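# Structural characterization, general
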Amino acid sequence: MVGVVTRNEPEVSWAEFERAFYETKDVTGRAVEPVADAVNMISAFGDNAAVEGNPDVGAVDASGVPATRDQPYFDWSYVCPTHEGYREGILEMVESAAAANPDVRLDDVGFPREGYCRCDRCDRLFAESDYEDREAWRAAVITDFVAAVRDRVPGDLYLTLYPDPYPGHLHRRSGLALDALTPLVDEFVVPLYDTAYGTTYWLEVIASAFADRLDRPFTVELYAVDVDVDNLIHAAEVAETYADGVLFGYDASTARAAIRRMQAEDRDGASHGAGD
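Residues numbered from 1 in each chain as written. Predicted model: local features only at pLDDT ≥ 70, side-chain atom pairs only at ≥ 80, totals over all residues. Heavy atoms only, no water.

### Focus: the pairing of strand S3 (residues 39-43)
- With five of five residues buried, S3 lies mostly within the body of the structure.
- Side chains Val-39, Met-41 and Ser-43 project from S3 onto one buried face, and the interleaved Asn-40 and Ile-42 project onto a second face that is buried too.
- Across four bridges, the pairing between strand S2 (residues 19-25) and S3 is parallel. Across the sheet, the residue bridging to Phe-21 is Val-39, located in S3.
- Relative to strand S4 (residues 104-107), S3 runs parallel, the two sharing four bridges. The partner of Ser-43 across the bridge, within S4, is Asp-107. (Buried < 20%, exposed > 50% of the residue type's maximum accessible area, 1.4 Å probe, protein only. Helix = DSSP H or I, 4+ residues; strand = E, 2+ residues; numbered from the N terminus. Pairing = 2+ DSSP bridges.)

### A few points about the packing of aromatic side chains
- In the structure shown here, the tally under the stated rule is twelve aromatic pairs.
- Taking 6.3 Å as the distance between ring centres and 35° as the angle between the ring planes, the aromatic pair formed by Phe-45 and Tyr-86 counts as tilted. Placement of the pair is Phe-45 in the loop between S3 and helix H1 (48-53) and Tyr-86 in helix H2 (residues 84-100), with a sequence separation of 41 residues. In this pair, the class of Phe-45 matches that of Tyr-86, namely buried.
- Each member of the aromatic cluster is reached from another via a ring pair, and the members are Phe-74, Trp-76, Tyr-78 and Tyr-116.
- The residue whose ring lies beneath Arg-105 is Phe-21, and the NZ or CZ to ring-centre distance is 5.3 Å. (Phe/Tyr/Trp six-rings, centres within 6.5 Å; stacked < 30°, edge-to-face > 60°. Lys NZ or Arg CZ within 6 Å of the ring centre and 35° of its normal.)

### What to know about the environment of Arg-150
- For Arg-150, the location among the structural elements is in helix H4 (residues 134-152).
- When the C-alpha positions of Arg-150 and Val-229 are compared, they lie 37 Å apart, and in sequence the two are 79 residues distant.
- Excluding residues that lie within four positions of it along the chain, Arg-150 makes contacts with Gly-155, Asp-156, Leu-157, Leu-184 and Asp-186.
- Side-chain polar atoms of Arg-150 contact the backbone oxygen of Val-153, separated by 2.9 Å.
- A polar side-chain atom of Arg-150 sits 2.6 Å from the main-chain carbonyl oxygen of Gly-155. (Contact = heavy atoms within 4.5 Å. Polar contact = N/O pair within 3.5 Å; in protein donor to acceptor, adjacent residues only side chain to side chain.)

### Focus on the side chain of Arg-138
- Within the secondary structure, Arg-138 is located in helix H4.
- Comment: no salt bridge for buried Arg-138; closest opposite-charge side chain is Glu-135, at 5.7 Å.
- Not counting chain neighbours up to four residues away, the residues in contact with Arg-138 comprise Phe-111, Arg-113, Glu-114, Gly-115, Tyr-116, His-171, Arg-172, Arg-173, Ser-174 and Gly-175. (Lys, Arg positive; Asp, Glu negative; His and termini not counted. Salt bridge = Lys/Arg side-chain N within 4 Å of Asp/Glu carboxyl O.)

### Thoughts on a negative patch on the surface
- Residues Glu-114, Glu-132, Asp-133 and Glu-135 make up a contiguous surface patch of negative charge.
- A relative accessible area of 80% means that Glu-132 is categorised as exposed. (Patch = residues over 30% accessible without salt bridge, like charges linked within 9 Å, V, L, I, M, F, W, Y side chains within 5 Å. Areas by Shrake-Rupley, 256 points an atom, 1.4 Å probe, with all protein chains shown as cover. Charge placed at Lys NZ, Arg CZ, Asp CG, Glu CD.)

### Brief notes about the pattern of salt bridges
- Tallied over the full model, the rule gives 14 salt bridges.
- Residues Arg-150 and Asp-186 are paired through a salt bridge, measuring 2.7 Å at the closest nitrogen-oxygen approach. Taken as a pair, Arg-150 in helix H4 and Asp-186 in the loop between helix H6 (178-181) and strand S6 (187-191) lie far apart in primary sequence, 36 residues in all.
- Of the charged contacts in the structure, one is a salt bridge between Asp-230 and Arg-261, with a shortest N-O distance of 2.4 Å. In this pair, Asp-230 sits in helix H8 (residues 229-242) while Arg-261 sits in helix H9 (residues 252-267), placing the two residues 31 residues apart along the sequence.
- With a relative accessible area of 35%, Arg-261 lands in the partly exposed category.
- Through salt bridges with shared partners, a single ionic network connects Arg-7, Glu-23, Asp-26 and Arg-30.

### Thoughts on helix H7 (residues 201-213)
- Between its first and last C-alpha atoms H7 spans 18 Å; for 13 residues at 1.5 Å apiece the expected length is 18 Å, and the two agree.
- All buried positions along H7 are accounted for by Leu-203, Ile-206, Ala-207 and Phe-210. Buried residues of H7, seen end-on, are gathered within an arc of 95° and therefore sit on one face of the element. More than 90 degrees from the buried face of H7, the exposed residues found are Tyr-201, Val-205 and Asp-212. (Expected span 1.5 Å × (residues − 1). Arc of directions from axis to C-beta.)

### Some details on H2
- Its 17 residues give H2 an end-to-end C-alpha distance of 25 Å, which sits within 8% of 24 Å, the value for a rise of 1.5 Å per residue.
- Taken residue by residue, H2 has Tyr-86, Arg-87, Ile-90, Leu-91, Val-94, Ala-97 and Ala-98 as its buried positions. Viewed along the axis of H2, the buried residues span an arc of 140°, placing them on a single side of the element. Within H2, the exposed residues directed more than 90 degrees away from the buried face are Gly-85, Glu-92 and Ala-99.
- Close packing links the buried residues of H2 with S2, S3, H1, S4 and H4.

This is the structure:
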């Protein structure tokens, strides 16, 4: 299976794509109406506009440092996952997306990093909970949110994972407990982004580790913007060895060119290995 991730609605119907994901809400806070011809994709807790407009919704560490894009390690700003009003807004978006197309993808799910969030609300909710371990409590918060999304999605639910397959890392970093999330999710998506794909040994290591780690189908998402088509094809060939599908992100024209060439090579009987 090969497909595309796009912000441009006309591209979802291009014949080369077996599956299309349409970004209806991204990390900037930009939101558009969902479409019927693609899996609508929603950034859950990444939202620059929400945090800039109301810093109180943002996640902070124990020193009050916000998880915003002007801090080290953050490419965008993060909303605290326990903010009830924001969560309700995301669930309403999920309902609208599912009404347009029964399949939905959740992106940017979880806490921003280790040590987040330590806002007054999180401290209070943790203290009032039955949990003694804060990491376990964070995982319960995220699992409950995904369960609420699951209740609103009649079709397949896709969930994006940070690309770290090492056991325990996703739990400690983001509050993603794979054992608890797996029964709620139909397929995981793992972005393995590079701006060149000049080498692919690292991609093979990560993809093969996720193949061992996950008990659900998973798709690798590659970055297609300004990437050499030959390198992109090789990256896709490596990913296909381990994953159940490959997506090309944010440049549908390059994605289409890569898919056409891959299909032509397959028709010519070319064989591809996973090695570099």
